[in-house]
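One letter stands for each residue in the lines below.
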Amino acid sequence: MKRYYFDNAATTKMDNDVLEAMLPYFGDKYAVATSIFSYTPGLEARDAIEKARKVIADKINAKADEIIFTSGGTESNNTAVLGIARKNGEKKKHIITTEIEHISVSRALEDLKDEGFEIEKISPDSEGIINPEKLRKLIRDDTLMVIVQHANDEIGTLQDIGKIGKICSEKKVFLHVDACQSFTRIPIDVEKMHATSMSFSAHKIHGPKGVGALYLRKGTKIKKIMNGGFNEFDMRPGTENIAGIIGFAKAVQIAKDEDCKKMKELRDYMIERITKEIPHTKINGPLGNMRLCNNVNISFHYVEGESIVLRLDMKGICASTGSACFSRSLEMSPVMKAIGCDHELAHGSMRFTLSKFTTKEEIDYAVDNLKEIVADLRKISPLGK
Amino acid sequence: MSSPYSYKVIKHFQHPKNVGRIEKPDAKASEGSPLCGDMVTLYLKVDPKTHKITDIKFESYGCASNIATGSIITEMAKGKTIDDAKKITWQKASDELGGLPPVKTHCSVLAVDTLKSAIQDYEEKHGLAKPEDIALTEENVKRKLKHVIDPRNGKDILATGAVKAVSIESGIVSIELDMEKSHQFANNMKDEITEALENLTGIKEVEIKFLG
């Protein structure tokens, strides 16, 4: 069966060029740099990693030694959030975040709460946007750090990190930004954004799974969350995932602005078709430039999302829903709740996320089927009559 | 491939049997609410002499497990007498479907409960219920109110404490409800409560006093 993949916020298809770049590191190039005085194959491995580090750094206007390779977005978020707070939070116990963070941030913050930190969450507006001025007013003398996700994984809302960063730098508080969804899709400049730390993930951008990076501003001290060797500037122990790191850098190198432009057009085409051709819908998240280029999230009244997902799957279409029935916790999505979506709208919300491989034909196929499925499920629904 | 659903669940989900509504049904029941994520409405036509279910239809706002269970229990109940249909348990429905994922139990239990409630509605409307079960007592009123879901939180109005007081006087049931009179769900609540109590013997009127 031909598959039509619309879950690129979950993960993306690895690019063939990325695979090509990685293959030697599963074969002859298996050595690792155990020391800076290593043997030749070890030094070659070290060079390859440093080149990759420079690629990531250049992409975000950082210095190479500010990039720490990790196992992915979750580890980067945990390292920054826990690491910065535990090292620098002896006197300052107040942390500000939002209600729509990724679970790797929100659950790390629960740990910090147990450790005596005070966590304050800002609610977004109905489109998921955080007001920087609202944030400014919350910053106190004992505020240690601010944590904001650049682009939301569910509804695609973008935050004005430039403004938020400026406030944080004026007030001299740390700023951690989760940029796993936005990386390579929106220009990122850690200087202009005044970020202390930032998380990235390879598999969200056609790279391999199991590798990511943490940008950590020079001079920022953290407490390691794992113990071991002196790898990654003594910030992240464990043997480097060389193949993954090489693949990650390749994915960053081949990411093109035109891809995002194309996705944006297709995204708007999909939103327009769905909202025009299917009645009783509601778009979740903003339209236009405050929305991530590959995110479509729409609620369908009177029907339940898991049923839509299953029916789409029968047609080869892979998509996701905010319905509690679909989630591992059987709980309604906190993001939907934060933007004021009621239970019915959250249950009936569908997320389609595009990639550079998505075509107009695939979107037409998905929308044609979605139309039929929603109409079918509405026929058997007791609601909306 | 390790789908959490059996082949039979998927088949019933994809092509559910007995879907829709019956105009002028002999009995009807709804369970669940959009807030719980699942809601089922079930309609019955019953032969007044034999008490056999001649037609049965259901509507579902729910997930695959809910739709498939609605489909299988309506198949199982069709043609049976209401006494036999009452014996359809969740376990039997689940067995018939080749099992359901444990995490989805409540969605399918809901469908079975709706059948039970529809049969009860029939019995009460057609003089088949035990007189003590439909007598106009505070106990029976409260039992009925457990089936009314508060749209503000998805729980029944007794469990949430929204019902502050119940009193009965010469066929008039007065209920004090913790909800503003102008609340968007106020009318809906009034209708739901009135419908839930309609089969109680000698009930003349339901008065709702909205508090606040």
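Just so you know, these numbers come straight off a predicted model, no measurement behind them.

## Notes on the overall build of chain B
Reasoning step 1: Within chain B, the regular secondary structure consists of 8 helices and 6 strands.
Reasoning step 2: Mapped in sequence order, the helices and strands of chain B form the string α-β-β-β-α-α-α-α-α-α-β-β-α-β.
Reasoning step 3: The C-alpha atoms of chain B give a radius of gyration of 18 Å, which matches the 17 Å a tight globule of 212 residues would have.
Reasoning step 4: Each of the three principal axes of chain B carries a C-alpha extent, and together these read 55 × 40 × 25 Å.
Reasoning step 5: The 212 residues of chain B split such that 47% are buried.
Reasoning step 6: About 10300 Å² of surface is accessible on chain B, with carbon and sulfur atoms providing 50% of the total.
Reasoning step 7: Averaging the positions of the 30 positive and the 32 negative side-chain charges in chain B gives two centres separated by 4 Å.

## Here's the deal with the sheet that holds strand E6 (residues 205-210) of chain B
Residue and element names in this part refer to chain B.
Reasoning step 1: Overall, mixed pairing links the 3 strands, which are arranged E4-E5-E6 in an open sheet. Strands at the two margins of the open sheet, each flanked by one partner only, are strand E4 (163-169) and E6. Sheet twist, expressed as the mean angle between neighbouring strand axes with direction ignored, is 15°.
Reasoning step 2: With 6 bridges joining them, E4 and strand E5 (residues 172-177) adopt antiparallel strand pairing. When the bridges of E5 are listed, Ser167 appears paired with Ser174.
Reasoning step 3: Sheet contacts for helix H7 (residues 138-145): E4 and E5; angle to E4, the most-contacted strand, approximately 135°.

## Let's talk about the packing of aromatic side chains
Residues and elements named next belong to chain A.
Reasoning step 1: Summed over all chains, the structure comprises 5 aromatic pairs over all chains.
Reasoning step 2: When the ring of Phe6 is compared with that of Phe352, the centres are 6.0 Å apart and the planes differ by 80°; the resulting orientation is edge-to-face. Here Phe6 is found in the loop between strand E1 (4-5) and helix H1 (16-22), whereas its partner Phe352 is found in strand E13 (residues 349-353), with 346 residues between them in sequence.
Reasoning step 3: Between the aromatic rings of Phe183 and Phe248, the centroid separation amounts to 6.3 Å while the plane-to-plane angle is 80°, which identifies the pairing as edge-to-face. One end of the pair, Phe183, is in the loop between strand E6 (174-178) and strand E7 (197-201); the other, Phe248, is in helix H8 (residues 242-254), with 65 residues separating them in the sequence. Both residues of the pair, Phe183 and Phe248, count as buried.
Reasoning step 4: Among the aromatic residues, ring-to-ring pairing joins Phe69, Phe183, Phe200 and Phe248 into one connected group.
Reasoning step 5: Above the ring of Phe357, the side-chain terminus of Lys13 is found at 5.3 Å from the ring centroid.

## Topic: unusual backbone geometry
Reasoning step 1: You will see that His194 of chain A, though not glycine, has its phi angle at about 55°, which is positive.
Reasoning step 2: In this fold, His194 of chain A is placed in the loop between E6 and E7.
Reasoning step 3: Overall, the relative accessible area of 31% leaves His194 of chain A in the partly exposed class.
Reasoning step 4: The backbone of Asn18 of chain B sits at a positive phi, close to 55°, despite the residue not being glycine.
Reasoning step 5: Within the element layout of this structure, Asn18 of chain B appears in the loop between helix H1 (7-14) and strand E1 (27-33).

## Thoughts on the confidence of the model for chain B
Residues and elements named next belong to chain B.
Reasoning step 1: Chain-level pLDDT for chain B is 90 on average; 99% of the residues reach the 70-or-more range.
Reasoning step 2: The weakest mean pLDDT in chain B belongs to helix H8 (residues 186-197) at 86; the strongest belongs to strand E3 (residues 53-61) at 96.
Reasoning step 3: Predicted complex metrics record ipTM = 0.80 and pTM = 0.89.

## Some points on the sheet that holds strand E9 (residues 281-283) of chain A
Residue and element names in this part refer to chain A.
Reasoning step 1: The strand order across the open sheet built from 4 strands is E9-E10-E13-E12, with neighbouring strands paired in antiparallel fashion. Edge positions in the sheet fall to E9 and strand E12 (320-321), since each of these pairs with one other strand and no more.
Reasoning step 2: As judged from the 2 bridges shared by E12 and E13, these two strands associate in the antiparallel manner. Bridging across to E13, Thr321 finds its partner in Met350.

## Quick notes on helix H2 (residues 64-77) of chain B
Reasoning step 1: Here H2 of chain B is 14 residues long and its end C-alpha atoms lie 20 Å apart, about the 20 Å a rise of 1.5 Å per residue gives.
Reasoning step 2: One or two residues past the end of H2 of chain B sits Gly79 of chain B, with phi positive at roughly 85°.

Criteria and cut-off values
- In this convention, every chain numbers its residues from 1, walking through the sequence in written order.
- By the order in which they are written, chains take letters starting at A while ligands take numbers starting at 1.
- Whole-chain, interface and lining totals are the exception, using all residues; otherwise, since this is a predicted model, local features are given only for residues with pLDDT of at least 70 and side-chain atom pairs are given and counted only at 80 or more.
- In computing side-chain properties, one takes all heavy atoms of the structure into account and sets aside hydrogens as well as water.
- A run of H or I in DSSP counts as a helix once it spans at least four residues, and a run of E counts as a strand once it spans at least two, with each numbered from the N terminus.
- Here the globule rule reads 2.2 Å times residues to the power 0.38, and the radius of gyration is calculated from C-alpha atoms.
- Burial classes follow relative accessibility: with a 1.4 Å probe on protein chains only, a residue under 20% of its type's maximum area counts as buried, one over 50% as exposed, and anything between as partly exposed.
- Throughout, the Shrake-Rupley method with a 1.4 Å probe supplies accessible areas, and for residues the shown protein chains are the sole cover considered.
- Positive residues here are Lys and Arg, negative ones are Asp and Glu, while His and the chain termini are left out of the count.
- A single reference atom marks each charge: NZ on Lys, CZ on Arg, CG on Asp, CD on Glu.
- We treat two strands as partners when DSSP finds at least two bridges between them.
- Each axis is a line fitted through C-alpha atoms, taken for helices only over the stretch in contact, and angles between the N-to-C directions span 0 to 180 degrees.
- The contact criterion used throughout is that any non-hydrogen atoms of two residues lie within 4.5 Å.
- Within 6.5 Å between ring centres, the rings of Phe, Tyr and Trp (the latter by its six-membered ring) count as paired, and their orientation is classed by plane angle as stacked under 30 degrees, edge-to-face over 60, tilted in between.
- Cation placement over rings: the criterion is NZ of Lys or CZ of Arg within 6 Å of the ring centroid and within 35° of the ring normal.
- The pLDDT score gives, residue by residue, the confidence of the prediction method on a 0 to 100 scale.
- Helices are assigned an expected span. That span is 1.5 Å times one less than the residue count.

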